[in-house]
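Here are the chains, one letter per residue:
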There are 2 protein chains.
Amino acid sequence: MTSARLARTAITGVILIALCGGASGGVDARALATIALMLGLAKLGGDVFERAKLPTVLGELSAGIVIGNLDLLGLRGLGSMLNDPSLALLAELGVVLLLLQVGLESNLRDMARVGLAAFAVASVGVALPMGLGYGVHALLVPDRTWHTHLFVGAVLTATSVGITARVFKDLGKIDSPTGRVVLGAAVIDDVFGLIVLAVVSGLVRGAESGQGVDVVAVLVIVGKAIAFLGTAIALGGAASRSLYRAASVLRVRGVLLAASLVFCFALSWLAYQVGLAPIVGAFAAGLVLDEVVYQDLATRENRPLEHQLSPLGELLTPIFFVLTGAQVDLSSFADLDTLSLAAALTAAAVLGKQACALVARSPGVHRLSVGLGMIPRGEVGLIFAATGANLILAGMPVIGPTAYAAIVLMVMITTMVTPPLLSWSLRRAPGGPPRVADVMGGAEPS
Amino acid sequence: MTSARLARTAITGVILIALCGGASGGVDARALATIALMLGLAKLGGDVFERAKLPTVLGELSAGIVIGNLDLLGLRGLGSMLNDPSLALLAELGVVLLLLQVGLESNLRDMARVGLAAFAVASVGVALPMGLGYGVHALLVPDRTWHTHLFVGAVLTATSVGITARVFKDLGKIDSPTGRVVLGAAVIDDVFGLIVLAVVSGLVRGAESGQGVDVVAVLVIVGKAIAFLGTAIALGGAASRSLYRAASVLRVRGVLLAASLVFCFALSWLAYQVGLAPIVGAFAAGLVLDEVVYQDLATRENRPLEHQLSPLGELLTPIFFVLTGAQVDLSSFADLDTLSLAAALTAAAVLGKQACALVARSPGVHRLSVGLGMIPRGEVGLIFAATGANLILAGMPVIGPTAYAAIVLMVMITTMVTPPLLSWSLRRAPGGPPRVADVMGGAEPS
């Protein structure tokens, strides 16, 4: 018995060691080893955080931080495995599928009920962080022009819906009034952020060329984003109905999953085409997809759509969070200028969104959770920073290296603090029906 | 009503047109559009072939041929969308998952029962096509040396298990004696093919350098391959038991799927490390994984492993077959030298494997189906050809451009003819229990 167990342990060890040496394989086989390693560590990390009653997504992010920073321990090669661009597509698919699942758990009618609250939350959540960001940067780096202050402010506007959505999903609270307000606001937020980026970039380009702002170009961007969301909401239901009706004619297996993925990927791509993040399209796809539309197909295949999507999410979504964690460069903590600017920007980012709680006046909404749910900044903030780093004004990039590193740190900190804070706050939030919830205030069993 | 339907059709049309213009998007969003297009066309193609009572996999291959050859119709851009290397990883995952599913449907004990028959089939299926390939090439291209003839012969040895496995799977015949013999032989085949490639490459390199064959190097390759399969079969069960025991301690969701994928990807990577195709490792993983080992986890998660794997396969496997179909360049049909060599090689490839039927003497085995199931040559043949194209002997590549194009055509034809032939033959084969099956000979309802 003991020798058999020894043999088993040895074999497992050999496989693990072999996996860790994965950097020496061919491209495709190496990617397989990398995915195996990411999945295994994501589950291990998730387990550690689950036991500490913290959200599992934080465990997946931590697994990523560990893998991404093994270079610091002299273990080279492992971090570079994550730079494979093919993994980026898997991660993209993972976050797109997550937002589709999140969208499927909400529906348009309930979203419309919190529409006004979401709009108010988004407006405050864009304006205040922008003002605070401008002020903080003007105070700490007074030698840069107002263009840079404005750009840094703009970086702080857009909420990263991925992290927040995952926490709401893990706690089964997506279809709560709070979940709807936060997710709705995060989507509107993305549109606002886009408009702000267009205006600020236009101002900088105008200043550099000595001409004014290109008003027409700004208006086109704004128009495209609004037209996309409007069209998706107005016509998405009808489009999905005709898609599923056409699909139900097909006699092959797996039609429901294929049709849903085609619809989701098509809307993600369309969102990207009008300048929005693909995940906004995926969320819109989930939102407009109504169970009534695909009920017939689900009955025929004897498997609900959610059960078919969840294994896809379980393989691909951890890849997104592990890769996000791996972006964190622990060595950037070493510079004091970067650290102080990062701390100030993080404070601005967090406090700016807390004012959202004040305007989230909708029945059953847990206002503290709204403010906390709006904290994370993610890919959109990083895209803004990269845009600023490529914009030249008077021979200097609008976002210099120090500001860039500080922004990356801000993104990382806001991303890491949100899951535990939001999860703590949501567990304290009332879980009952909207009307009486505010009075009850009972804690859920955790 | 009519106007509403018109609006729906228009929207669907716009989405389809937008998808077809996908070449203009960013990298990630473009890949999403490409995947949506591939999935949609794969299902459409599958439906057409399903209605014609042909295997759906042929529809997916045909969808690929259409997309890959749209350039011929002046529709540029679409074919190039498929060259995204990230899609290659998705395809690789797709075929790895297919072989894992196929392996799970078989088990070691039943495989061992047909082991001798599979070994005999594999031996004949390597020796005869090799001899025929040598003869055909020596006859048609007499001005090349015996090294090239031998190499072309070697290209014809390895069976592509992907196509055959898919047809057996679609017809629910993987766990039949015939299925076991063919799949077992295809795996042994791959090992034999590898040995042949090593020996032939060694002979060519020896001839070029004027030295003899590097016997040690050849023996090392052979030893590694045999050691991998032997170890996987001998210790895989114990390794998987300890992996699942460790995994069952984890408190997070999706542990069963994650552990199974980690085991599968790890074995695929190990197979690649010893010089075998990753899919051989995936098949071995499925083969040694016993339901008893993961029953506890499946019960805890209330979802069988097969149900969790099938959505993954439904998204990823069609990508493999569509990409395989897209490799087919219809314009290469235009050259007569290529065509005649391709025809002769295809005949050698097909006839050489039919002799396998003669040695497949195991109870309940449908011998015609064994011969037909061994026909397809796939990635391994193409890898051999690419190796030959890169080997230089007396200033010329061992495999020249004409031979290479003819080999690609041979791969394509053998791949395309197998599904309808095998599916026709399997529907005629007895479906009853092994012992009495040969006598009964009753046809299944198709």
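Residues numbered from 1 in each chain as written. Chains lettered and ligands numbered in written order. Predicted model: local features only at pLDDT ≥ 70, side-chain atom pairs only at ≥ 80, totals over all residues. Heavy atoms only, no water.

### Some thoughts on the packing of aromatic side chains
Right, so step 1: Applying the stated criterion to the full structure yields six aromatic pairs over all chains.
Right, so step 2: Centre to centre, the rings of A:Y244 and A:Y294 are 5.9 Å apart; their planes meet at 45 degrees, and the pair counts as tilted. With a gap of 50 residues between them, A:Y244 in helix α11 (residues 215–247) and A:Y294 in helix α14 (residues 291–301) connect regions that are remote in the sequence.
Right, so step 3: Judged by its relative accessible area of 2%, A:Y244 is buried.
Right, so step 4: On the numbers, 5.1 Å between centres and 80 degrees between planes, the contact of B:F320 with B:F321 is edge-to-face. (Phe/Tyr/Trp six-rings, centres within 6.5 Å; stacked < 30°, edge-to-face > 60°. Helix = DSSP H or I, 4+ residues; strand = E, 2+ residues; numbered from the N terminus. Buried < 20%, exposed > 50% of the residue type's maximum accessible area, 1.4 Å probe, protein only.)

### Things to note about the packing of helix α5 (residues 85–105) of chain A against helix α9 (residues 161–170) of chain A
To characterise two packed helices, one gives the angle between the axes of the helices and the distance between these axes.
Residue and element names in this part refer to chain A.
Right, so step 1: Between α5 and α9, the shortest axis-to-axis distance is 10 Å and the interhelical angle comes to 55 degrees. Between α5 and α9, the interaxial angle falls into the category oblique. α5 and α9 meet at a crossing whose hand is left-handed. Between α5 and α9, the residues in contact are L98, L99, Q101, V102 and E105 and V161, G162, A165, R166 and K169, respectively.
Right, so step 2: Split into classes, the residues belonging to the contact of α5 with α9 amount to five nonpolar, two polar and three charged. (Axes fitted to C-alpha atoms, helices over the stretch in contact; angles between N-to-C directions. Parallel < 35°, antiparallel > 145°, perpendicular 65-115°, else oblique. Left-handed = near helix turned anticlockwise from the far one by under 90°. Contact = heavy atoms within 4.5 Å. Nonpolar A, V, L, I, M, F, W, Y, C, P; charged D, E, K, R; others polar.)

### Comments concerning the relation of the copies chain A and chain B
Right, so step 1: Of the two same-sequence chains, chain A is brought onto chain B (RMSD 0.1 Å, axial shift 0.1 Å) by a rotation of 180 degrees. Such a turn and shift between the copies fits a two-fold axis. Among all residues of chain A, the one whose C-alpha sits closest to the rotation axis is A:S86, at a distance of 2.1 Å.
Right, so step 2: An overlap of 100% is found between the interface residues of chain A and their copies at the interface of chain B, pointing to a shared contact surface. (Least-squares fit on C-alpha atoms with pLDDT ≥ 70 in both.)

### Let's talk about helix α13 (residues 278–288) of chain B
Along an α-helix, residues three or four positions apart point the same way, because every turn accommodates 3.6 residues.
Right, so step 1: The buried fraction of α13(B) is high, at 11 of 11 residues.
Right, so step 2: All of the buried residues along α13(B) are B:P278, B:I279, B:V280, B:G281, B:A282, B:F283, B:A284, B:A285, B:G286, B:L287 and B:V288.

### A word on the interface of chain A and chain B
Right, so step 1: Contact residues are listed per partner, giving 70 residues for chain A and 70 residues for chain B.
Right, so step 2: The junction of chain A with chain B conceals about 6300 Å² of combined surface from both sides, 72% of it contributed by carbon and sulfur atoms.
Right, so step 3: Taken together, the connections running from chain A to chain B amount to two salt bridges.
Right, so step 4: Put simply, A:R253 and B:D170 hold a salt bridge, and the shortest N to O gap is 3.4 Å.
Right, so step 5: The tally of links from chain A across to chain B stands at 10 residue pairs in polar contact (both at pLDDT 80 or more).
Right, so step 6: Taken together, the elements giving at least two residues each to the side of chain A that touches chain B come down to α1 (2–20), α2 (27–51), α5, α11, α12 (255–273) and α15 (305–326) of chain A.
Right, so step 7: When residues of the side of chain A that touches chain B are assigned to their parent elements, the largest contribution, 16 residues, is made by α2(A). (Buried area = accessible area lost by both parts, 1.4 Å probe. Salt bridge = Lys/Arg side-chain N within 4 Å of Asp/Glu carboxyl O. Polar contact = N/O pair within 3.5 Å; in protein donor to acceptor, adjacent residues only side chain to side chain.)

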